[in-house]
Amino acid sequence: MPLSLPRRRWPVIVVTLLALSTGAPASAVPAGAQDGAAPPAQAATGLVYSGLSAERTGACAGMFRVVGISSTMCTHGPDPAPAGLSVTRSVAPLPARAATAAAPLALPVCEGDGTSGRRVEVLYVRGSTSRYSQYLETFRQLAEQVDVIFNESAKATGGERHVRYVTETVGGACRPVVRDVQIPDAALNANDWAPLLNAVKAAGYTRTDRKYLQFVDANVYCGIGGFAGDTRKSDANRSNTGPEYARADNGCWTAGVAAHELGHTLGAVNNNAPNASGAAHCVDEYDVMCYKDGPNVVLRYSCPSQALDQRLDCNHDDYYHTNPPAGSYLATYYNVADNLFLIKGGPTNPPPPTSNLALSATASASYTSAWESVLAINDGIDPPSSNDTINRRWGTWPNTGQQWAQLTWSAAQSVRVADVYFFDDNGGVRLPASWSLQYWNGTAYVAVPGASGYPVAANQYNRVTFTTVSTTRLRVVLNSGAGSVGLLEVKVTS
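Residues numbered from 1 in each chain as written. Predicted model: local features only at pLDDT ≥ 70, side-chain atom pairs only at ≥ 80, totals over all residues. Heavy atoms only, no water.

Participant: It is not clear to me how the overall build of the protein should be interpreted in this structure. Could you clarify?
Facilitator: Assigned secondary structure in the protein consists of 5 helices and 20 strands. Buried positions account for 55% of the 494 residues belonging to the protein. Taking the intrachain contacts of the protein between residues at least 6 apart in sequence as the baseline, contacts between residues at least 24 apart amount to 74%. Just so you have it, the protein exposes about 18400 Å², and 52% of that area is on carbon and sulfur atoms. (Helix = DSSP H or I, 4+ residues; strand = E, 2+ residues; numbered from the N terminus. Buried < 20%, exposed > 50% of the residue type's maximum accessible area, 1.4 Å probe, protein only. Contact = heavy atoms within 4.5 Å. Areas by Shrake-Rupley, 256 points an atom, 1.4 Å probe, with all protein chains shown as cover.)

Participant: What's the story with the state of the cysteines in this structure? I'm lost.
Facilitator: Should the sulfur atoms of two cysteines be covalently bonded, the bond is a disulfide. Applying the stated rule across the entire model yields 4 disulfides. Note on cysteine connectivity: cysteine 222 is disulfide-linked to cysteine 252, with sulfurs 2.1 Å apart. Looking along the S-S bond of the cysteine 222-cysteine 252 disulfide, the torsion reads about -115 degrees, which is the left-handed sense. Residue cysteine 222 is located in the loop between strand 10 (210–216) and strand 11 (223–226), and its partner cysteine 252 is located in the loop between strand 12 (244–249) and helix 4 (255–265); the two are separated by 30 residues in the primary sequence. (Disulfide = S-S within 2.5 Å.)

Participant: Please explain the nonpolar core as it appears in this structure.
Facilitator: A general tendency of soluble globular proteins is for nonpolar side chains to be buried together. Ranked by internal contacts, the top residues of the largest apolar core, which has 52 residues, are Phe150, Tyr165, Trp253, Tyr319 and Tyr320. At 9 residues, the largest contribution of residues to this core is made by helix 1 (residues 132–155). In contact with phenylalanine 150, other than residues within four places in its own chain, are Arg161, Val163, Ala259, Leu262, Gly263, Leu266, Leu312, Tyr320 and Leu342. Ranked by size, the runner-up nonpolar core spans 29 residues in total, among them Phe64, Val181, Leu188 and Ala218. (Core = buried A, V, L, I, M, F, W, Y, C linked by side-chain atoms within 4.5 Å.)

Participant: Explanation requested: the side chain of threonine 396 in the structure shown.
Facilitator: Tracing the chain through its elements places threonine 396 in the loop between strand 15 (394–395) and strand 16 (402–422). Residue contacts for threonine 396: discarding those within four places in its chain leaves Tyr367, Ser369, Gln403, Ser484 and Val485.

Participant: I'm lost on the confidence of the model for the protein in this one. Help?
Facilitator: Per-residue pLDDT for the protein averages 85, and the proportion of residues at 70 or more is 87%. Contacts from residues 1–34, a stretch scored under 50 in pLDDT, to residues over four places away or in other chains number 165 contacts. pLDDT under 50 marks residues 348–353. Its contacts with residues more than four places away, or in other chains, come to 8 contacts. (pLDDT = per-residue confidence, 0-100.)

Participant: Mind showing me how you'd approach the pattern of salt bridges here?
Facilitator: Pairing between side chains of opposite charge can happen when the charged atoms of each approach one another. Per the stated rule, a full pass over the model turns up 21 salt bridges. For glutamate 144, the salt bridge identified is with arginine 175, shortest N-O distance 2.8 Å. With glutamate 144 in helix 1 and arginine 175 in strand 8 (residues 173–176), this pair connects stretches of sequence that are 31 residues apart. The pair formed by glutamate 144 and arginine 175 is uniform in burial state, with each residue classed as buried. Arginine 207 serves as the salt-bridge partner of aspartate 209, at 2.9 Å between the closest nitrogen and oxygen. With a relative accessible area of 39%, arginine 207 lands in the partly exposed category. (Salt bridge = Lys/Arg side-chain N within 4 Å of Asp/Glu carboxyl O.)

Participant: Would you mind going over the packing of aromatic side chains with me for this structure?
Facilitator: Each pair of aromatic rings is reported with the distance of its centres and the angle of its planes. A complete count under the given rule lists 17 aromatic pairs for this structure. Aromatic side chains tyrosine 135 and tryptophan 253 sit 5.0 Å apart centroid to centroid with 70 degrees between the ring planes, which places their arrangement in the edge-to-face category. Taken together, the positions of tyrosine 135 in helix 1 and tryptophan 253 in the loop between strand 12 and helix 4 put the pair 118 residues apart, joining distant regions of the chain. Given the relative accessible area of 2%, tyrosine 135 is considered buried. Tryptophan 253 gets classed as buried once you look at its relative accessible area, which sits at 2%. (Phe/Tyr/Trp six-rings, centres within 6.5 Å; stacked < 30°, edge-to-face > 60°.)

Participant: Even after reading the chapter, I still don't get the environment of threonine 467, so can you show me in this structure?
Facilitator: For threonine 467, the location among the structural elements is in strand 19 (residues 461–479). Overall, the relative accessible area of 46% leaves threonine 467 in the partly exposed class. With 50 residues separating them along the chain, threonine 467 and valine 417 place their C-alpha atoms 8.8 Å apart.

Participant: Can you walk me through the environment of arginine 300 in this structure?
Facilitator: With respect to the element layout, arginine 300 can be found in the loop between helix 4 and helix 5 (329–332). The exposure class of arginine 300 is partly exposed, given its relative accessible area of 41%. The sequence separation of arginine 300 and valine 283 amounts to 17 residues, and the corresponding C-alpha distance is 6.0 Å. When near neighbours in sequence (up to four residues on either side) are disregarded, arginine 300 contacts Asn275, Val283, Asp284 and Glu285.

Participant: Sorry if this is basic, but what is going on with helix 1 here?
Facilitator: Every α-helix carries 3.6 residues per turn, so stepping three or four residues along brings you back to the same face. For helix 1, with 24 residues, the first-to-last C-alpha span of 34 Å sits near the 34 Å given by 1.5 Å per residue. A large share of helix 1 lies buried, amounting to 17 of its 24 residues. (Expected span 1.5 Å × (residues − 1).)

Participant: For this particular structure, what's the right way to read helix 3 (residues 193–202)?
Facilitator: Burial in helix 3 covers these residues: Trp193, Ala194, Leu196, Leu197, Ala199 and Val200. With a side-chain oxygen lying 3.0 Å from the backbone nitrogen of alanine 194, the N-terminal cap of helix 3 falls on aspartate 192. (Polar contact = N/O pair within 3.5 Å; in protein donor to acceptor, adjacent residues only side chain to side chain.)

Participant: What am I meant to see in unusual backbone geometry here?
Facilitator: Trans is the common state for peptide bonds, and a negative phi is the common state for residues other than glycine. With an omega dihedral of -5 degrees, the bond running from glycine 242 to proline 243 counts as a cis peptide bond. Within the secondary structure, proline 243 is located in the loop between strand 11 and strand 12. In this structure, the amide linkage connecting alanine 268 to the following residue, valine 269, adopts the cis form with an omega of 0 degrees. Structurally, the position occupied by valine 269 is in the loop between helix 4 and helix 5. One non-glycine residue with positive phi stands out, namely aspartate 313, at about 50 degrees.

Participant: Can you help me understand the packing of helix 1 against helix 4 in this one?
Facilitator: To describe two helices that pack against each other, one gives the angle between their axes and the distance between the axes. Where helix 1 contacts helix 4, the axes come no closer than 9 Å and their chain directions differ by 60 degrees. The handedness of the crossing between helix 1 and helix 4 comes out as right-handed. Residues Leu142, Gln145, Val146, Ile149 and Phe150 of helix 1 lie in contact with helix 4, whose contacting residues are Ala255, Ala258, Ala259, Leu262 and Gly263. Its residues assigned to classes, the contact of helix 1 with helix 4 comprises 8 nonpolar, 2 polar and no charged. (Axes fitted to C-alpha atoms, helices over the stretch in contact; angles between N-to-C directions. Left-handed = near helix turned anticlockwise from the far one by under 90°. Nonpolar A, V, L, I, M, F, W, Y, C, P; charged D, E, K, R; others polar.)

Participant: What's the story with the environment of aspartate 287 in this structure? I'm lost.
Facilitator: Positionally, aspartate 287 belongs in the loop between helix 4 and helix 5. A relative accessible area of 0% places aspartate 287 in the buried class. It is 4.5 Å that separates the C-alpha atoms of aspartate 287 and aspartate 309, two residues lying 22 residues apart in sequence. In terms of polar contacts, aspartate 287 uses its side chain to reach the backbone amide nitrogen of methionine 289, at 2.8 Å. Within the local environment of aspartate 287, its side chain forms a polar contact with the side chain of tyrosine 319, the two groups lying 2.5 Å apart.

So, in structure tokens, the structure goes:
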């Protein structure tokens, strides 16, 4: 059965109290917790509370205190793995890919000697068993995808921001360094965060000019990240210092989880922000840092494009704006775009409005596997490969034969070009034997006229041009070959 895909990545928030100061977050102890105790563990979903003490007073009042470390560290507790991911099942390595002009295997912006100053350092944390060589390229690509999330989000407000990684030259290109950090197996696999933290610190990863982005080869949590909760608009803000740690275990090795956790270490989301959840997230979807993190939290869908699920601060009013308006919240309080661990640039021009007509359509299909989503086909997210393990996918496993996915508009659209990206997981879902486009002519579905041809290639968009038609419905019809069929994205232009 094909691996189901995460829509989001709901991690854990941690507060490292270097000192008590203005802006310390408040968070309610989860239901079921009593003084010094924690709710029952649900290890299969990543809800592990061992080593956490529910505090009613002191530095961690209203939260949990991590027991067994020398400095006071607080957390609001673990979150379950999102739908499609499991803390018991490791994410597969990303497929190797070659650099192209459009998608180079490199960071677009690097700075200095690659080590000096404030840097985000990527760590692969493991025990006696190493998968470093197997996943090294995956970790590099995920770190680079995190940088894309930060910079594309900055472009939306006319600026430029890149993650200042510890970097090295690989094949003539600047890429993130990935450290191979071995710790004792007992510390790696403990149902308790403190032993791993202590072991990583003992290995020397304690620099005050570092944020450590950790890909942990364990099956304990989904994600957990440091969060200072400091609202001061100042370089002295505690989010501008380290050491701080963002962790993703192997069931959640995705760019979304990594960006979310790193976002916490950089200061997102303070609880006095306009759309704050009260537990270091936001409630105005869609957004990397937003989700329903408590039973009484009500989400608002004020940013309706699900493509923004891979972007920061969709309305740019809570935690990320490269040039916030005078008098606005982000002009007054802490702004992650000001974080000293980011490379700043700009101004740049905001991106032009999209001409992709698929974004305004409603998606439907002949059949959708229960763990997949037909909404994937027009969510505006460009897949990294046909075996995309990061974003949603539409697939029809175990059904074979002829299947279709459809875009429906509320009013007629003039269309003449379609770009189709096929889903192929090298398992139950494979490239189609053939495919075609049909449009609704008012009484029936008919083939688009003058089609240029229907290429079938993996890891790229397959383009077909045709004579312009005016229609309210466009279908991609797929005929199965070696397995079931599926799509990752469809773009339609006039």
